[in-house]
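Coordinates in review
Listed here are the chains, written in short residue letters.
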Amino acid sequence: MAFLTLEGVSKEFGTFTAVRDVSLTIDKGEFVSLLGPSGCGKTTTLQMIAGLVEPTEGRISLDGRDITREKPNRRGLGVVFQSYALFPHMTVAQNVAFGLEMRRVPQAERTDRVREALMLVQLSSFADRYPRQLSGGQRQRVAIARALVIAPPVLLLDEPLSNLDAKLREEMQFELRRIQRKVGTTTIMVTHDQAEALSISDRVVVMEAGRMTQVDAPYRLYEQPSNAFISSFVGKTNLLAGTWRRNGASSAVDIGGVLLEASAPEIAAGTPVTLSIRPEKVLVRDAGAGRLEGHVVSRFFLGSQWLFTIETPLGTMTVSTPNQGGEPPAEGSRVGLDWSPADLRVIAGTAAAA
Amino acid sequence: MQKNGPVALIFHVLVLTFVLAPLVIICLVAFTPENTLSLPTTGLSLRWFKAVFEHPDFMASFWNSIWLATLSATLAVAFAVPAALAISRYTFPGRDFLNALFLSPLIIPHLVLGVAFLRLFALLGATGSFAWLVATHIIVVTPYVLRLVLAALSGLDRSAEQAARTLGAGEWTAFRRITAPMILPGITGGWLLAFINSFDELTMSIFVTSPATVTLPVRMYMYATESIDPMMAAVSALMIAITAAAMLVLDRTFGLDRILVGQR
Amino acid sequence: MIARSSTLSAPWLLAGPGALFFFGLVLLPLALTVILSFHAYDHSTGIQNTFTLSHYVTVVTDGYYLEIFWRTLRIAALTTLICAAIGVPEAYILSRMRDPWRSVFLLVIIGPLLVSVVVRTFGWSMLLGSQGLVNQALQLLGFPSVRILYTETAIVIALVHVMLPFMVIPVWTALQKLDPMVEAAAWTLGASHFTALRRVVMPQVTLGMLSGSLIVFGLSASAFAVPALLGGRRLKMAATLVYDEYLHELNWPLGATIAIIVLVANLCIMLAYNRMVEARARRTLG
């Protein structure tokens, strides 16, 4: 059932259109990520939902109620800001209590709910500290507790993990998901980090230049990107430009005369296309075996896997293989490359950068 | 980090001597037991400080200056804080003009301000009242407050205020509970800087004070042009002490080097 | 950047009272003074209701006024030069100190800015007087006593003291922006200490020095307390001249004329200063 709905929402700043015609329906309890490079309009979209930016056009409704023009303090949404935006002159407990105070919650109930919220983010013993006495990860948790304590119908997270170091970031990803599962609050997160979006969301909304270009579950987004930009932005991929050929029942991509069998029923023959193949879907065989010949230009050891750069007649390809314990093909050696035709993704049009 | 050579250190000591010499000599002469301006060679005496406290004109001027500085610094804050909010938070036609207008007393010589006020008050028939004196001092010290509050606002993370709004605070509550406490050091620093500047002001005041409203610097100037005795040194030493105390507070609240150097 | 169309009146509500106050007490009096400078003046009957350019003509042709203007420019220029000669090396020395000395000495150098000019000038009049410390020291060393008080020398010395912080501050700010390692980097590339100073440090310092010089020049040229207390009756500068015209001669229109000339000269200098600051901002951005 649609809980939060955006209908044709746009935002113009002067002559610049930051967000263009975004329509989105989010169900109760869902965790949705807005993913895109910086400047794609994802943060503006979030701010419009929060009421910090007023849409130029369109309608936003929450649980059947139109909130498009409602002031942020009347919406009752929980927002976690990128900078955390903690109040520096208040203690952790005072920060968390602020929203309850604004709602005139009685003192006794306030104390209880603050204690519960701090317990939820595992900061019970830090209640009387000031934000400057906390680490980055702890500040993050305070910000989440402050947003959740008012029991908001929707939780909005603006790049919540971008100020944390790599290790803490991974930890907080799971922490975020744990908290969200436990509380069951509908959550929208803005991020530019595809791994973050894929790992914790129920659905991912990809945005490019102010537009929504794909809305899908993480694994579908990864396996069936709708355009070349998404296929290279979400995960690593090899993009090869070619032309679509069809010959009766069989079809293939023609790349400089080499035909690679693939299927894409909806594309007309003769169309320029981009072929996308993920590095982990390519298998490294002995020279002579497989569909394509190449030689190893460089190889990098990443612990759990090997990453090869292989020069082929089709161009340079990146290939990754799991570390099986043995010595893989050396730099300079010839290898054969193989794959299952079902793993080739054919996208109409040419990629801007291959 | 490179070190300074001996030549540099000697130069540094000479500069320090030059900077401190007139202040040190005042503080020494203030304690002389003699009747003339001389260094206390035979012993220290507080007689000239006593003379200051028993001098009705100096005491009247001292309290006059304290009231003047307190009032004008406070009213300058009342003008500057909302003005700073308007200038830093909104884009509107005339914003640059307003900013320039509020800061203009910094680039108009005080002498020119003095004669301009004199002309205005002469036409209004308002010369000599304390209220008008306060008004002129507000003009002179408001830019200092405005600059510090603007700096505090520009260094402020707006999202804290937005967070308060999303948590249910109205605009006024968000300002009172979040923004104001966060820019309080800037306001305090601005008030103190305004107080000191008003308390020290001579060139403009000399044109707009009347016998009933003579400020301490003007009184000292008049006294110094007529007679010179160690009482002048005692008053000066007291002023140095007051300024130093204010500087200390200023340094604690905002960082003096930040106020004097780092204003952008 | 919450700029809602419905709140267009908000900035004017916030800044309006202050704007009105400043309009009435800055722009209006200045305009009245400009008008005053064109009023005719008669020594027996005072300000006339007829308008004339004669005050401007008098000021730029009469040798008496020209001499005072010339003296004002000379003293301001000399003060600026000496401030640069002392302030620039001192700022450089300060920037090479370690904390806490660095902040302590910076405060000692710029702190006097907050002490009333009357007090500082009075200190110098005691030091430079015929029986002052400087003369006593000279006599002790066997030199004849010299007359410093009530000379241009005394004015320049005290002005340098008053203005020095205004030179140190911009140079210090410029030096703060300089990575302390760039000088060392120049040495590793084979530059001598002097070459490193000249080629790496000086270009940074020059802009700070120029903006400091403009402020010092502008403030010196309109200084009142120092020439009034240390220059005596005869050695007038522009500011003391205005004071005399207003409060002794009572020729307000002539005083207003000189004040307007001082104002315009100052605004030109400040405009140049702003240009320079903006140019520097552009350079560091682009």
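Residues numbered from 1 in each chain as written. Chains lettered and ligands numbered in written order. Predicted model: local features only at pLDDT ≥ 70, side-chain atom pairs only at ≥ 80, totals over all residues. Heavy atoms only, no water.

Chain B is annotated in an unreviewed UniProt entry as ABC transporter permease from Microvirga arabica. In UniProt, chain B has this text filed under Sequence similarities (unreviewed entry): "Belongs to the binding-protein-dependent transport system permease family." (UniProt positions renumbered as here; feature names shortened; annotations may be inferred.)

Looking at an unreviewed UniProt entry, one finds chain A named ABC transporter ATP-binding protein and attributed to Microvirga arabica. Taken verbatim from the UniProt record of chain A, the Sequence similarities (unreviewed entry) comment is "Belongs to the ABC transporter superfamily."

Core analysis: the largest hydrophobic core is formed by 166 residues, its most contacted members being Phe102(B), Met220(B), Tyr246(C) and Ile258(C). Looking at this core element by element, the count peaks at 17 residues for helix α3 (residues 56-89) of chain B. For Ile258(C), the residues in contact, after removing those within four places along its chain, are Val59(C), Tyr65(C), Phe69(C), Ala238(C), Leu241(C), Val242(C) and Glu245(C). Counting 78 residues, the second-largest nonpolar core is a separate cluster that includes Leu77(A), Val79(A), Ile200(A) and Ala169(B). (Core = buried A, V, L, I, M, F, W, Y, C linked by side-chain atoms within 4.5 Å. Buried < 20%, exposed > 50% of the residue type's maximum accessible area, 1.4 Å probe, protein only. Helix = DSSP H or I, 4+ residues; strand = E, 2+ residues; numbered from the N terminus. Contact = heavy atoms within 4.5 Å.)

The next subject is the sheet that holds strand β8 (residues 186-191) of chain A. In a beta sheet, neighbouring strands pair by backbone hydrogen bonds and run either parallel or antiparallel. All names here are of chain A. If you trace the six strands from one edge of the open sheet to the other, you get β6-β7-β8-β3-β9-β10, paired in mixed fashion. One side of each edge strand has no neighbouring strand; the edge strands of this open sheet are β6 (78-80) and β10 (211-216). Each strand axis lies, on average, 15° off the axis of its neighbour in the sheet, ignoring direction. Both β6 and strand β7 (residues 154-158) contribute to a ladder of three bridges, which runs parallel. Paired with Gly78 across the bridge in β7 is Leu155. (Pairing = 2+ DSSP bridges. Axes fitted to C-alpha atoms, helices over the stretch in contact; angles between N-to-C directions.)

We now examine the UniProt feature "domain: ABC transmembrane type-1" (unreviewed entry) in chain B. Mapped onto this numbering, the UniProt entry gives "domain: ABC transmembrane type-1" (unreviewed entry) at residues 62-250 of chain B. Within the segment residues 62-250 of chain B, helix and strand shares are 80% and 0% respectively, and the terminal C-alpha atoms sit 21 Å apart.

All names here are of chain B. Closest axis-to-axis distance for the helix α7 (residues 158-166)/helix α8 (residues 171-200) pair is 9 Å, and the angle between their directions is 145°. Note on packing geometry: the crossing formed by α7 with α8 is right-handed. Of the residues in α8, those touching α7 at Ala160, Glu161, Ala164 and Arg165 are Glu171, Ala174, Ile178, Thr179 and Met182. Taken together, the residues of the contact of α7 with α8 break down into five nonpolar, one polar and three charged. (Left-handed = near helix turned anticlockwise from the far one by under 90°. Nonpolar A, V, L, I, M, F, W, Y, C, P; charged D, E, K, R; others polar.)

Attention shifts here to the interface of chain C and chain B. Accessible area lost upon the coming together of the parts is a frequently used measure of interface size. If you look at the interface, chain C gives 86 residues, while chain B gives 83 residues. Carbon and sulfur atoms supply 80% of the area buried between chain C and chain B, which totals about 7,700 Å² over both sides. Three residues stand out in chain C for area buried against chain B, namely Phe22(C), Leu114(C) and Phe122(C), and they jointly supply 10% of the buried area on that side. For the interface between chain C and chain B, the tally reads zero salt bridges. Along the contact surface separating chain C from chain B lie three residue pairs in polar contact (both at pLDDT 80 or more). Considering every element that reaches the side of chain C that touches chain B, the biggest residue donor is helix α1 (residues 10-36) of chain C, with 21 residues. Across the side of chain C that touches chain B, the residue classes tally to 68 nonpolar, 12 polar and six charged. (Buried area = accessible area lost by both parts, 1.4 Å probe. Salt bridge = Lys/Arg side-chain N within 4 Å of Asp/Glu carboxyl O. Polar contact = N/O pair within 3.5 Å; in protein donor to acceptor, adjacent residues only side chain to side chain.)

Another aspect to go through is the packing of aromatic side chains. With the rule as written, the count across this model stands at 26 aromatic pairs over all chains. For the pair Phe102(B) and Phe22(C), a centre-to-centre distance of 5.0 Å together with 75° between the ring planes defines the contact as edge-to-face. Of this pair, Phe102(B) sits in helix α4 (residues 95-103) while Phe22(C) sits in helix α1, on two different chains. Comparing Phe102(B) with Phe22(C) shows no difference in burial state: the two are buried. Where Tyr64(C) meets Tyr65(C), the ring centres are 5.2 Å apart and the plane angle is 75°; that geometry is what we call edge-to-face. For Tyr64(C), a relative accessible area of 40% puts it in the partly exposed group. (Phe/Tyr/Trp six-rings, centres within 6.5 Å; stacked < 30°, edge-to-face > 60°.)

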